Amino acid sequence: MVFTDFPYDSRLRSYLSHKEVLRYIENYADHFELHKYIQFLSRVDAVKPVHVHGAVKWDVTTFKVTAPDSPSTEQFDAVMVCNGGQYSDPYTPVIPGADQFQGRTLHSHDYRVPEPFHGRNVVIIGALASGIDLCVEIAGMAERIVLSHSNPPDMKINKLPPNVTEASRVERIIGPNTLRFQDGQEFHADDIIYCTGSRLSLPFLTPECGITVHQGRAFPIYKHVLNTNYPSMSFVGLTHHSITFPLFQLQVSLALGALDGSLNLPSKAAMDQEVDQDFKARLEAGQAPHQAHDVFPLHLSYITELATVTRQPDPLCQTTMSADSFLRMFADPLHYRDVEYEITGPETWERVVVKEEGDNGEYSLK
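The numbering scheme is per chain: residues are counted from 1 as the chain's sequence reads. For a predicted model such as this one, the threshold for reporting local features is a pLDDT of at least 70, and the threshold for listing and counting side-chain atom pairs is 80 or more; totals across whole chains, interfaces and linings nevertheless cover every residue. Each side-chain value is worked out from all heavy atoms of the structure, with water and hydrogens disregarded.

**Student:** Quick question: what am I supposed to make of the overall build of the chain here?
**Tutor:** Segments assigned H or I by DSSP are reported as helices when at least four residues long, segments assigned E as strands when at least two residues long, and all are numbered from the N terminus. Assigned secondary structure in the chain consists of six helices and 22 strands. We compute the radius of gyration from the C-alpha atoms alone; for a globule the expected value is 2.2 Å times N to the 0.38, where N is the number of residues. At 23 Å, the chain has a C-alpha radius of gyration in line with the 21 Å of a compact globule built from 366 residues. For the chain, the spread of C-alpha atoms along the three principal axes comes to 70 × 50 × 45 Å. The rule is simple: take the accessible area with a 1.4 Å probe, protein chains only, and divide by the maximum for that residue type; under 20% is buried, over 50% is exposed, in between is partly exposed. The buried share among the 366 residues of the chain stands at 41%. Restricting to contacts in the chain with at least 6 residues of sequence separation, those with at least 24 account for 54%. What makes two residues a contact is simply this: any of their non-hydrogen atoms within 4.5 Å.

**Student:** Please explain empty space enclosed by the protein as it appears in this structure.
**Tutor:** Detection works on a 1 Å grid of protein atoms alone, calling trapped sets that fit a 1.4 Å probe cavities and calling open sets with protein on both sides within 12 Å along at least five of seven lines pockets, with lining residues defined by an atom within 4 Å of a point. Grid points are joined across faces, edges and corners, and a volume is the space filled by probe spheres set on the points. Taken as a whole and judged by the stated rule, the model has one cavity of 30 Å³ or more. By volume, the largest cavity amounts to about 40 Å³. Val-81, Asn-83, Gly-84, Gly-85, Gln-86, Leu-202, Phe-235, Val-236, Gly-237 and Leu-238 are the residues that line the largest cavity. When residues are sorted by character, Ala, Val, Leu, Ile, Met, Phe, Trp, Tyr, Cys and Pro go into the nonpolar class, Asp, Glu, Lys and Arg into the charged class, and all the rest, Gly among them, into the polar class. Within the lining of the largest cavity, the residues separate by chemical class into five nonpolar, five polar and no charged.

**Student:** Looking at this structure, how should I read the side chain of Thr-239?
**Tutor:** Structurally, Thr-239 is set in the loop between β19 (233–235) and α3 (245–260). You can call Thr-239 buried: its relative accessible area is 6%. Polar contact criterion, stated in full: a pair of N or O atoms within 3.5 Å, where within protein one must be able to donate a hydrogen and the other to accept it, and residues adjacent in sequence count only if both atoms are side-chain atoms. A polar contact of 3.3 Å, which involves the side chain of Thr-239, links it to the side chain of Gln-251. Other than its neighbours up to four places away in sequence, Thr-239 contacts Tyr-87, His-224, Leu-247, Gln-251, His-293, Val-295 and Tyr-302.

**Student:** Explain the confidence of the model for the chain to me, please; I cannot follow it from the model alone.
**Tutor:** Any region with low pLDDT has predicted coordinates that should not be read closely. Note: pLDDT gives the predictor's confidence per residue, expressed from 0 to 100. For the chain, the mean per-residue pLDDT works out to 93, and 96% of the residues sit at or above 70. Taken together, the stretch residues 360–366 has pLDDT below 50 and engages in 16 contacts with residues farther than four places along the chain or on a different chain.

**Student:** Sorry, what's going on with the sheet that holds strand β10 (residues 170–173) here?
**Tutor:** Remark on secondary structure: sheet strands pair via backbone hydrogen bonds, oriented parallel or antiparallel. Read from one edge of the open sheet, three strands run β10-β11-β12, paired in antiparallel fashion. Pairing within the sheet leaves two strands with one partner each, and these edge strands are β10 and β12 (186–188). Averaged over all neighbouring strand pairs, the angle between strand axes comes to 25 degrees, with direction disregarded. The criterion for strand pairing is that DSSP finds at least two bridges linking the strands in question. Strand direction decides the pairing type here: β10 and strand β11 (residues 178–181), joined by three bridges, are antiparallel. For Val-170, the partnering residue across the bridge sits in β11 and is Phe-181. Axis lines are fitted through C-alpha atoms, for helices just across the contact stretch, and the angle between N-to-C directions can take any value from 0 to 180 degrees.

**Student:** Can you walk me through the pairing of strand β13 (residues 191–194) in this structure?
**Tutor:** Side chains of β13 alternate between two faces, with Asp-191 and Ile-193 and Ile-192 and Tyr-194 buried alike. Sheet topology note: the strand β6 (residues 104–107)/β13 ladder contains four bridges and is parallel. Residue Leu-106 lies in a different strand from β13, and its bridge partner there is Ile-193. Pairing between strand β7 (residues 121–125) and β13: four bridges, direction parallel. Bridge pairing in β13 links Val-123 to Ile-192.

**Student:** Looking at this structure, how should I read the packing of α3 against helix α5 (residues 301–310)?
**Tutor:** The packing of two helices is summarised by the inter-axis angle and the distance between the axes. The N-to-C vectors of α3 and α5 enclose an angle of 40 degrees; their axes lie 9 Å apart at closest approach. Relative to α5, α3 is oriented oblique. The handedness of the crossing between α3 and α5 is left-handed. Packed against α3, whose contacting residues are Leu-247, Leu-250, Gln-251, Ser-253 and Leu-254, the element α5 presents Tyr-302, Ile-303, Leu-306, Ala-307, Val-309 and Thr-310 at the interface. Residue classes in the contact of α3 with α5 are distributed as eight nonpolar, three polar and no charged. Should an angle lie under 35 degrees it is considered roughly parallel, over 145 roughly antiparallel, and from 65 to 115 roughly perpendicular; all remaining angles are considered oblique. If you view the pair so one helix is near and one far, a crossing is left-handed when the near helix is turned anticlockwise from the far one by less than a right angle, and right-handed when it is turned clockwise.

**Student:** What should I look at first to understand the nonpolar core in this one?
**Tutor:** In a soluble, globular protein the nonpolar side chains are often hidden away together inside. As used in this record, nonpolar core signifies buried Ala, Val, Leu, Ile, Met, Phe, Trp, Tyr and Cys residues forming a set joined through side-chain atoms within 4.5 Å. Ranked by internal contacts, the top residues of the largest apolar core, which has 25 residues, are Ile-124, Ile-138, Ile-145, Leu-147 and Ile-193. Contributions of two or more residues to this core are made by β7, α2 (129–139), β8 (144–148) and α6 (316–331). Looking at which element gives the most residues to this core, the answer is α2, with five residues. Contact partners of Ile-193, with chain neighbours within four places excluded, come to Leu-106, Ser-108, Phe-117, Val-122, Val-123, Ile-124, Ile-125, Leu-134 and Ile-138. Residues Trp-58, Val-60, Val-79 and Tyr-230 belong to the second largest nonpolar core, which totals 17 residues.

Structure (structure tokens):
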């Protein structure tokens, strides 16, 4: 998670806290004097293409959050959609009998601290990054946790805290506080935490933009960046399960290349065909429609491909380190953050500090 033109403070650990990431972004904005370009406390209400003297422009309607009844519309040459649309609208699955549950429910999107779960029995639904991290953090407070998921065998979770057990998906809720799982287990829960991801949300795009959002997929978007109907509209950060800032820079490079003409784009028909082929390949590989923009683990070549198209360096170190970290999260969720990574060359890295458990149950540096 580093922009190529602004390194992190070398004194920081490899795994940063959310406060350190925020500080990095704020320092980036200060260093490049970006605040003068940013209109804060504003909400985008609508984005619409308009034709002006044969050219496509964009009418963008916004309003100040302090004055929602006073919208204003400005016209722009291009639009970059960078709204974190994959993460902003929490998804909660429909579970039969959920209306009977009399305990507390929470989505990971709204989780802040573990203290409210002290001494309670908790079901966590979902076991990817947020589910595993919340499970480990809450385990120090909760009486007992059941981690309910349907991860494939290559995402088997090891070394969970002793008060955590695993179960299959929730089949239904059968009483005020009782959940039944598909493997037949039942559990009395005080709380349910949904770590079930988010729905793709682009509510400000008008139909005239030509972008369809269906089952978590937005299309037609060439290389997950360019609106094939209007290439002056681009999407940065639409991809999911991948490195962030280095990939965002590549996506911005593609968008800028389309705007200034330095990249020769294929025809709209060719771009649409590539979009369709990419989605078809995902379905044939067993992915669900909502995984249409996923990168890891099946589509890591996308990052290299984007670097090639934009003639930018391939962030291979970040990509492979990210993959290594993701897999270590399942192998040792309690201690995978006790690893330091060091880049040793253009395409190489190594773990330089690892804490491993000894015979006495204590952890030491290796």
